[in-house]
Number of protein chains: 2
Amino acid sequence: MSPVQLDEKSLRTKSPRSDSPVHGQSTVVKNIPFGHYVFERLLNSGAKSIFGVPGDFNLPLLEYLYDEDLVANGLQWIGTCNELNGAYAADGYSRYTNKLGCVITTYGVGELSALNGVAGAFAEDVKVLHIIGVSPSRFRENEQFRSHNVHHLVPAIDSQQPPNHQVYFDMVKDRVCCSSAFLDDINTAADRLDQVIVDICKNSKPGYVFIPVDFADKLVSNKNLIQNPIIDMDTVIESYKDENATKIAGDRLLQWIYESNAPSVFSDLLVDRFNLRKELRQFIETADVWNYNTAMGKSTLDERNPKYLGLYKGAETGKEMQATVDSSDLILHFGPAKNEINCGYYSFHFNENARIIELSNNIIQFIDIKDKNASTVEEANFVSVLKYVNDNLDKSKLSFSYPPVPKSNHSCEYDNNDSITQKSLKEIIPNYFNDGDVLIVETGSFQFGVPNMQFAREMKYITQSFYLSIGMALPAALGVGCGMRDYPRSHIVDQALVPKDYIPRLILCEGDGAAQMTIQEFASYIRYKIPMEILVWNNNGYTVERAINGPTRSYNDIAPFKWTALLNVFGDFENKFNESVTVEKNDELVQLLNKWKSCKERANIKLAEVMLPVMDIPQELNAMLVNGKPN
Amino acid sequence: MSPVQLDEKSLRTKSPRSDSPVHGQSTVVKNIPFGHYVFERLLNSGAKSIFGVPGDFNLPLLEYLYDEDLVANGLQWIGTCNELNGAYAADGYSRYTNKLGCVITTYGVGELSALNGVAGAFAEDVKVLHIIGVSPSRFRENEQFRSHNVHHLVPAIDSQQPPNHQVYFDMVKDRVCCSSAFLDDINTAADRLDQVIVDICKNSKPGYVFIPVDFADKLVSNKNLIQNPIIDMDTVIESYKDENATKIAGDRLLQWIYESNAPSVFSDLLVDRFNLRKELRQFIETADVWNYNTAMGKSTLDERNPKYLGLYKGAETGKEMQATVDSSDLILHFGPAKNEINCGYYSFHFNENARIIELSNNIIQFIDIKDKNASTVEEANFVSVLKYVNDNLDKSKLSFSYPPVPKSNHSCEYDNNDSITQKSLKEIIPNYFNDGDVLIVETGSFQFGVPNMQFAREMKYITQSFYLSIGMALPAALGVGCGMRDYPRSHIVDQALVPKDYIPRLILCEGDGAAQMTIQEFASYIRYKIPMEILVWNNNGYTVERAINGPTRSYNDIAPFKWTALLNVFGDFENKFNESVTVEKNDELVQLLNKWKSCKERANIKLAEVMLPVMDIPQELNAMLVNGKPN
Ligand SMILES: Cc1ncc(C[n+]2csc(CCOP(=O)(O)OP(=O)(O)O)c2C)c(N)n1
Ligand SMILES: Cc1ncc(C[n+]2csc(CCOP(=O)(O)OP(=O)(O)O)c2C)c(N)n1
């Protein structure tokens, strides 16, 4: 029971691993074990850290994790404390890197535990690959075994009947994944794996691959790895883009913007997921247009841009913001995520003479509100179209005459000696950010105020805004931390804006109620040496729920934890690698965060338990509850 | 952040609640809120402790938990730290009480998190009811809302399409539950809830009920509660039993046993699930027959019975045991659970002239191996048949001539000063049990030796033998603890065998790898004051997996925890209610367990971290791995 040794060097230095995939590993066509194929493919798709939990049906596959060549190229197993946490971590890894996030589990017990994490990735368009080790193929191929009830597999309802050996596949197929394959023939296994990864990249949605335990050691040709060494979003989109459709959509967009007086750009979720932050900023800067982000598009834009107007969320962002939106005659909505949370319970509203263009990965829609006219270009994708537009924009044809925008100068005061509140956090937290920091915020009351906070430059914001599964952020932070190590500073669009020697911080904001759900992953932070800063909001229970119903009911209470002792108990036995404190007053918090902010070393985990009033919620959550109330 | 106060009184005394359901609550036909109906129904089905996690879609339902009459009759909310743990706890509650175990979660995020727990209950025939609070009915009834993407609900794969508001229902229906209802009409809501509960009791399998958040406050008639105040296994089986089929099956069984020279009784899983331990023991004692239990039937029999022969598990229980089984000309297999684990990878073997009768809840099969003849009585159930047989058995017609059974006297020695091993545990642990204790064992290496340990009398053994989801036992112990408080000593078949003033202990054996999966539920032990004794096997990782593959691979390692500090950090801040120690040597463990064994108070939680060698497994696990190896 010796404590994990965090060596300072591995904490402080940038990862030695490169940003480029390991194509060229396979150079001569030959047969290789499918297990090796799987991990070489994953590595080439950008998944260096692989998350999950072992089980007898995936062990032979996991053996191939230790191939020297692959390890040398950065492949690493990150064992999580349970499978749900593994899925959350893979989700976080993909959200940060925009590459594949992979979780490996075992039949039934593991995969079903992970399911909610995958469903969340599905709901929020994250590229998670869930690989499941399943029982040997003889249970499906061989009559003698078909009727056997295998461990981890639910039997048929009628115990006299044979079980359905693919029952879990049937559950998830077409429901929480865009692509899935239950491998049943080693000859097609490599192709089918590749196809699932292609689909994941194309749709930015999770995929499932079920691998029989006996397949890991079987031989397959490595020819796909030579022909298509890399499968990632760029290669996939390049392979299916339709030049003609791109031109049609692009030209029409250019036409509409040339005809517009006051266009507005909405930057939404899929801008992030399809790696378009750079291109969209370029467009905004060149065209010099008003721009807003939706809640799910937070951190995709440059908030220092003079025409950045902030968050739009329909009825919830107030009348002044609505008036501004109404004054636009053209809305370019990039990467929309249409759901009740992101769209203020479907209260988005536009000028009745406005035109709207919605651009996403598989459709571009042109909507003319006045003419009640909508046309779509289905074969076009917004990645190609945006590039086309950037290449072909003729600035001389732009003639905008924007009305003045009312400057909202909401500065809310707080007293240094007072207890911390959600209101004071709104002032304190933005000052704590450095350019380039990565912020991950748990579902809970604090989260709802974040989209209105001004961010430092080149930050990346990660949160589950729509699916809202509490406990997700804590293990996701493990994944993000691994992503930041595997691909340092890769979230920064313009490297010049963040000092060269600055190592971005990973900052996690957690509610106490959410944290208890997945708290054991603190142990993985220590085990895998993930430096970060953690703010735990201790408001003594489920405040979001208290605000909705039963403010004093026992169902909204939680068990008390000694938050500042957790990292110690979860592996840092000598308290060498964490500093954990409790703060109650505004000035305590400000001083602490200033100290953290100026610390240059990424040598440990800093945790603050922040005491908050039980019934205190940010004003944005209140607005949302009012807006969302059914009438 | 004040620590939970455990008051000694509530810890020590038997629960004031009675063992009888609360029928008679509703006496006059009237309309009551559906939320009230739900909890009165649950209480009447025996579910006093209700497990789960709140969410906005179930909050209005949860409000009805606090109805004074219901609370007075023992209804209590047990909030778990996450939903998977809630499902495990409900499973444990039902395994202990044999009544309904109920878990309540919220749409998507909560229900999918709980799914693996329900699947485990399904695989092992446990009466779990999963209630899910779902979005308001307007999302299914009203065209305007149907296309809306609601939080917690996964959108359609094609984001242009409306979501399937019942997608989660479609996933679980007919796969991990024997009955399910997505309520869509308040007029049928009460009937449909009742039907699911009837099905659960009839099949001893989980059921699902999806309740729209707006239904809780809607009015329904309480007439079902008056007409059928109680729905439980007894009433349900009574209502569907077929007198004729019972007589046919019962008479045939009697005939066969009268014709037998050396009959054997196998007591299996469903004997426990259908509450037949008492009746089966009566039969065994009266007929004076050889009796064995299967692995999943452990603790159903009286192991002091002179004709108790121990565990039968096919090839894994060895040649001598097989010879004994082979010498039987009639096998009465009560409540069979046919799966590879329980049946030693389908290696059960019988005399080629033997007859076999398999009896379960929905079928009785008569098999004559010699004649290659099998006939079934489908309408009969073994509950009614066993009662019939007990009532009609004519002892004078029995004439058995059993061959002598070789007494296997395996005493394995260990040295007091040596380190603890799985082998020494085999000697030490059985001595630690008192009559009437409740033992819950986690999936892991230790578990596989338990069925061969001699139990004290009137013990109840709880473990997940077949589905084998690690981490299940820890939250299940919370459920068991609640069950023991709600229904004290209810597992004891013959109360006279356990001293009147003895309060049975709850003993939990946990592996370190499994414990990390669900460790936060330690906080609920403290919060809900569940006295127990915990043995944590610290063998530094996933030993079962190491025995199968990759003994030194990183995927079989886990993060180290400070086991003896966990209860402190999880709520017992002043260490008043737990004693946690580490033991390494046999004599340390023996002394500790002797102290625990003789302690009369159930006033706290005792935890021992037991150090074990990394690669040490019980001999039974080894036998199983050899037997289960595919050839
Ligand atoms: C897995 C899951 N279970 C339940 C919920 C319902 N839920 C939403 S917010 C919340 C409370 C979160 O509490 P905490 O993290 O303490 O944040 P607070 O609102 O108190 O700031 C709950 C229970 C959920 N969203 N996800
Ligand atoms: C939810 C789940 N995940 C993974 C597995 C695969 N598995 C079976 S036993 C085991 C190791 C258990 O380790 P521990 O609790 O320490 O017991 P040990 O075998 O070391 O005694 C694992 C990972 C499983 N059965 N269930």
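Numbers given to residues run from 1 along each chain, matching the order in which its sequence is written. Labels are handed out in written order, letters beginning with A for the chains and numbers beginning with 1 for the ligands. Totals for whole chains, interfaces and linings use all residues, but because this is a predicted model, local features are given only for residues with pLDDT of at least 70 and pairs of side-chain atoms are given and counted only at 80 or more. The side-chain quantities take in all heavy atoms of the structure and omit both hydrogens and water.

**Q** For this particular structure, what's the right way to read the environment of A:Ser375?
**A** Residues and elements named next belong to chain A. Where helices and strands are cited, they refer to DSSP runs of H or I of at least four residues and of E of at least two residues respectively, numbered from the N terminus. Mapped onto the elements of the fold, Ser-375 is located in strand β15 (residues 373-377). Taking the C-alpha atoms as reference, Ser-375 lies 5.8 Å from Gln-365; in sequence the two are ten residues apart. Here, residues are in contact when the closest pair of their heavy atoms is within 4.5 Å. Contacts of Ser-375, omitting those with residues within four sequence positions, involve Arg-252, Ile-364, Gln-365 and Phe-366.

**Q** Could you clarify how one ought to interpret the packing of aromatic side chains in this entry?
**A** We describe a pair of aromatic rings using the distance from one ring centre to the other and the angle between the two ring planes. Aromatic rings from Phe, Tyr and Trp, with only the six-membered ring used for Trp, were paired whenever their centres fell within 6.5 Å, and each pair was classed as stacked if the ring planes differed by under 30 degrees, edge-to-face if by over 60, and tilted otherwise. The full count for this structure, using the stated rule, is 59 aromatic pairs over all chains. On the basis of an interplanar angle of 35° and a centroid distance of 5.0 Å, the ring pair of A:Phe561 and A:Trp563 is categorised as tilted. Exposure class is identical for A:Phe561 and A:Trp563. Each is buried. Both rings, one in B:Phe274 and one in B:Phe382, keep their centres 5.5 Å apart while their planes meet at 75°; by these two values the pair is edge-to-face. With a gap of 108 residues between them, B:Phe274 in the loop between α14 (269-273) and α15 (277-287) and B:Phe382 in helix α17 (residues 382-392) connect regions that are remote in the sequence. Neither B:Phe274 nor B:Phe382 differs from the other in exposure class; each is buried. Taken together, the ring pairs in this structure connect A:Phe561, A:Trp563, A:Phe570, B:Phe561, B:Trp563 and B:Phe570 into an aromatic cluster. We call a charge positioned over a ring when the NZ of a Lys or the CZ of an Arg lies within 6 Å of the ring centre and within 35 degrees of the ring normal. Over the aromatic face of A:Phe366 sits the side chain of A:Arg252, whose NZ or CZ is 4.6 Å from the ring centroid. Sitting over the ring of B:Tyr487, B:Lys48 keeps its end group 4.6 Å from the ring centre. Buried, partly exposed and exposed residues are distinguished by accessible area as a fraction of the type maximum, computed with a 1.4 Å probe on protein chains only: under 20%, between the cut-offs, and over 50%, respectively.

**Q** Got a minute to help me understand the pattern of salt bridges in this structure?
**A** Between side chains of opposite charge, pairing is possible as soon as their charged atoms come close. The term salt bridge refers to a side-chain nitrogen of Lys or Arg lying within 4 Å of a carboxyl oxygen of Asp or Glu. Scanning all chains against the criterion turns up 52 salt bridges over all chains. Ionic pairing is found between A:Arg546 and A:Asp557, a salt bridge with its closest N-O pair at 3.2 Å. Of this pair, A:Arg546 sits in helix α22 (residues 543-548) while A:Asp557 sits in the loop between α22 and α23 (566-569); the two residues are eleven residues apart in sequence, bridging distant segments of the chain. Where B:Arg95 meets B:Asp91, a salt bridge forms, and the shortest distance between an N and an O atom there is 2.4 Å. With a gap of four residues between them, B:Arg95 and B:Asp91 both fall in helix α5 (residues 83-97), about one helical turn apart. Look at B:Asp91 and you get buried, because its relative accessible area is 0%.

**Q** Please explain the interface of chain A and chain B as it appears in this structure.
**A** Interface extent is often summarised as the accessible area lost during association of the parts. In this complex, chain A contributes 95 residues to the contact, which on the side of chain B involves 96 residues. The quantity reported as buried area is the accessible area (1.4 Å probe) lost by two parts once they are put together, taken as the sum for both. For the pairing of chain A and chain B, the buried interface totals around 8000 Å² over both sides, and the portion due to carbon and sulfur atoms is 62%. The tally of links from chain A across to chain B stands at two salt bridges. Where A:Glu63 meets B:Arg553, a salt bridge forms, and the shortest distance between an N and an O atom there is 3.0 Å. Whenever a nitrogen or oxygen atom comes within 3.5 Å of another N or O atom, the pair is scored as a polar contact, on the condition that within protein one atom can donate a hydrogen and the other can accept it, and that pairs from neighbouring residues in sequence are kept only if both atoms are in side chains. The tally of links between chain A and chain B comes to 41 residue pairs in polar contact (both at pLDDT 80 or more). Put simply, Ala, Val, Leu, Ile, Met, Phe, Trp, Tyr, Cys and Pro go in the nonpolar bin, Asp, Glu, Lys and Arg in the charged bin, and everything else, Gly too, in the polar bin. Here the side of chain A that touches chain B is built from residues that sort into 52 nonpolar, 27 polar and 16 charged.

**Q** What should I look at first to understand the sheet that holds strand β12 (residues 330-334) of chain A in this one?
**A** By definition, the strands of a sheet pair up through backbone hydrogen bonds, in either a parallel or an antiparallel sense. Residues and elements named next belong to chain A. Strand order across the open sheet formed by seven strands is β11-β10-β9-β12-β13-β14-β15, with mixed pairing between neighbours. Looking along the sheet, the strands with just one partner apiece sit at the ends: β11 (308-311) and β15. On average, each strand axis in the sheet is inclined to that of its neighbour by 15°, with strand direction left out of account. At least two bridges found by DSSP between two strands is the condition for calling them paired. Taken together, the five bridges between strand β13 (residues 355-359) and strand β14 (residues 364-368) define a ladder with antiparallel strand orientation. Within β14, the residue paired with Arg-355 across the bridge is Asp-368. Lines fitted to C-alpha atoms define the axes, with helix axes restricted to the stretch in contact, and inter-axis angles between N-to-C directions lie between 0 and 180 degrees. Against the sheet, helix α13 (residues 243-258) engages β9 (263-267), β12, β13, β14 and β15, with an angle of about 35° to β14.

**Q** Can you walk me through the site of ligand 1 in this structure?
**A** In the region of ligand 1, 21 residues are neighbours, and A:Ser445, A:Leu468, A:Asp512, A:Thr543 and B:Glu83 sit closest. Neighbouring residues are identified by heavy atoms, a residue being near a molecule or strand if any of them is within 4 Å of it. Ligand 1 sits at the junction of chains A and B, each of which supplies nearby residues. Contact between ligand 1 and A:Leu468: a nitrogen atom at 2.7 Å from a main-chain N or O atom of the residue. In the model, an oxygen atom of ligand 1 is placed 2.8 Å from a nitrogen or oxygen of the A:Gly541 main chain. Computed with a 1.4 Å probe, the accessible areas rest on the Shrake-Rupley method; for each residue, only the protein chains presented here act as cover. When isolated, ligand 1 has an accessible area of 590 Å², and the protein chains bury 97% of it. Of all elements in the fold, only α20 (512-517) and α22 of chain A reach the threshold of two or more residues within the shell around ligand 1.

**Q** Explain the site of ligand 2 here, please?
**A** Around ligand 2 lies a shell of 21 residues, among which A:Glu83, B:Ser445, B:Leu468, B:Asp512 and B:Gly513 are the nearest. One chain alone does not account for the residues near ligand 2; they come from chains A and B. One of the backbone N or O atoms of B:Gly513 is found 2.7 Å from an oxygen atom in ligand 2. Burial of ligand 2 by the protein amounts to 97% of the accessible area it has alone, namely 580 Å². Listed by contribution, the elements that provide at least two residues to the shell around ligand 2 are α20 (512-517) and α22 (543-548) of chain B. Taken together, the residues that form the shell around ligand 2 break down as eight nonpolar, ten polar and three charged.

**Q** How do you make sense of the UniProt feature "domain: Thiamine pyrophosphate enzyme central" (unreviewed entry) in chain A when you look at a structure like this?
**A** UniProt positions are given in the numbering used here, feature names are shortened, and annotations may be inferred rather than shown by experiment. Per the UniProt record, the feature "domain: Thiamine pyrophosphate enzyme central" (unreviewed entry) sits at residues 252-365 of chain A. The annotated region residues 252-365 of chain A carries 28% helix and 22% strand content, and the separation between its end C-alpha atoms amounts to 11 Å.

**Q** Help me out: how do you make sense of the UniProt feature "domain: Thiamine pyrophosphate enzyme N-terminal TPP-binding" (unreviewed entry) in chain A in this one?
**A** UniProt records the feature "domain: Thiamine pyrophosphate enzyme N-terminal TPP-binding" (unreviewed entry) at residues 35-145 of chain A, using the numbering of this structure. Secondary structure content for residues 35-145 of chain A is 50% helix and 19% strand, while the C-alpha to C-alpha distance between its ends is 24 Å.

**Q** I would appreciate a short explanation of helix α16 (residues 318-326) of chain A in the present structure.
**A** In an α-helix, one turn spans 3.6 residues; hence positions three or four apart end up facing the same way. Residue and element names in this part refer to chain A. Listing the buried residues of α16 in full gives Met-321, Gln-322, Thr-324 and Val-325. Projected onto a plane normal to the axis of α16, the buried residues spread over an arc of 155° and lie on a single side. Against β9, β10 (290-293), β11 and β12 lie the buried residues of α16. Throughout, the arc means that of the directions going from the helix axis to the C-beta atoms.

**Q** What should I look at first to understand the pairing of strand β2 (residues 49-52) of chain A in this one?
**A** The two faces of a sheet get side chains in turn, since along a regular strand they alternate between them. All names here are of chain A. On β2, burial covers both faces: Ser-49 and Phe-51 on one face and Ile-50 and Gly-52 on the other are all buried. Pairing of β2 with strand β3 (residues 76-79), which is carried by four bridges, proceeds in the parallel orientation. When the sheet's bridge partners are listed, Gly-52 is paired in β3 with Gly-79.

**Q** What is the right way to look at helix α19 (residues 473-486) of chain B in this model?
**A** A helix's residues, less one, multiplied by 1.5 Å, set its expected span. With 14 residues, α19(B) ought to run about 20 Å at 1.5 Å a step, and its terminal C-alpha atoms sit 19 Å apart, in line with that. Across the 14 residues that make up α19(B), a large majority, 13, are buried.

**Q** Is there a simple way to think about the side chain of A:Asn339 in this case?
**A** As for its position among the elements, A:Asn339 is in the loop between β12 and β13. For A:Asn339, a relative accessible area of 3% puts it in the buried group. One polar contact links the side chain of A:Asn339 to the main-chain amide nitrogen of A:Asn342, over a distance of 2.8 Å. Among all residues touching A:Asn339, those that are not within four sequence positions of it are A:Met296, A:Tyr346, A:Phe466 and B:Asn149.

**Q** In this structure, what is going on with the nonpolar core? I would like to understand it.
**A** Considering soluble globular proteins, one finds that nonpolar side chains tend to be buried as a cluster. Take the buried Ala, Val, Leu, Ile, Met, Phe, Trp, Tyr and Cys residues and link them wherever side-chain atoms come within 4.5 Å; each set so joined is a nonpolar core. With 368 residues, the main nonpolar core has A:Leu42, A:Leu129, A:Phe283, B:Leu42, B:Leu129 and B:Phe283 as its most contacted residues. Once you skip the residues sitting within four places of it in the chain, B:Leu129 turns out to touch B:Leu42, B:Leu100, B:Gly101, B:Cys102, B:Val103, B:Leu193, B:Val196, B:Ile197, B:Ile200, B:Gly207 and B:Val209.

**Q** Help me understand the state of the cysteines, please; the structure alone is not making it clear to me.
**A** Formally, a disulfide is one covalent bond, and it connects the sulfur atom of one cysteine to the sulfur atom of another. Criterion for a disulfide: a pair of cysteine sulfur atoms at a distance within 2.5 Å. Counting across every chain of the model gives zero disulfides over all chains. Free cysteine: A:Cys102, not disulfide-bonded; nearest cysteine sulfur from A:Cys201 at 12 Å.

**Q** Please explain the relation of the copies chain A and chain B as it appears in this structure.
**A** The operation linking the two copies of the chain is a rotation about an axis combined with a translation along the axis. Alignment of the copies relies on least squares applied to C-alpha atoms, considering only residues that score at least 70 for pLDDT in both. Note on the copies: chain A fits chain B at an RMSD of 0.0 Å, the axial shift is 0.0 Å, and the rotation between them is 180°. Accordingly, the operation relating the two chain copies is best matched by a two-fold axis. Across chain A, the smallest distance between a C-alpha and the rotation axis is recorded for A:Met171, namely 2.4 Å.

**Q** How do you make sense of the packing of helix α6 (residues 109-123) of chain A against helix α6 (residues 109-123) of chain B when you look at a structure like this?
**A** Between α6(A) and α6(B), the least distance of the axes is 8 Å, while the angle of their chain directions is 175°. When the axes of α6(A) and α6(B) are compared, the pair comes out roughly antiparallel. When α6(A) is examined against α6(B), the residues A:Val109, A:Leu112, A:Ser113, A:Leu115, A:Asn116 and A:Ala119 are found in contact with a partner set consisting of B:Val109, B:Leu112, B:Ser113, B:Leu115, B:Asn116 and B:Ala119. The residue inventory of the contact of α6(A) with α6(B), partitioned by class, reads eight nonpolar, four polar and no charged. Throughout this description, any angle smaller than 35 degrees is read as roughly parallel, any larger than 145 degrees as roughly antiparallel, any in the 65 to 115 degree range as roughly perpendicular, and the remainder as oblique.

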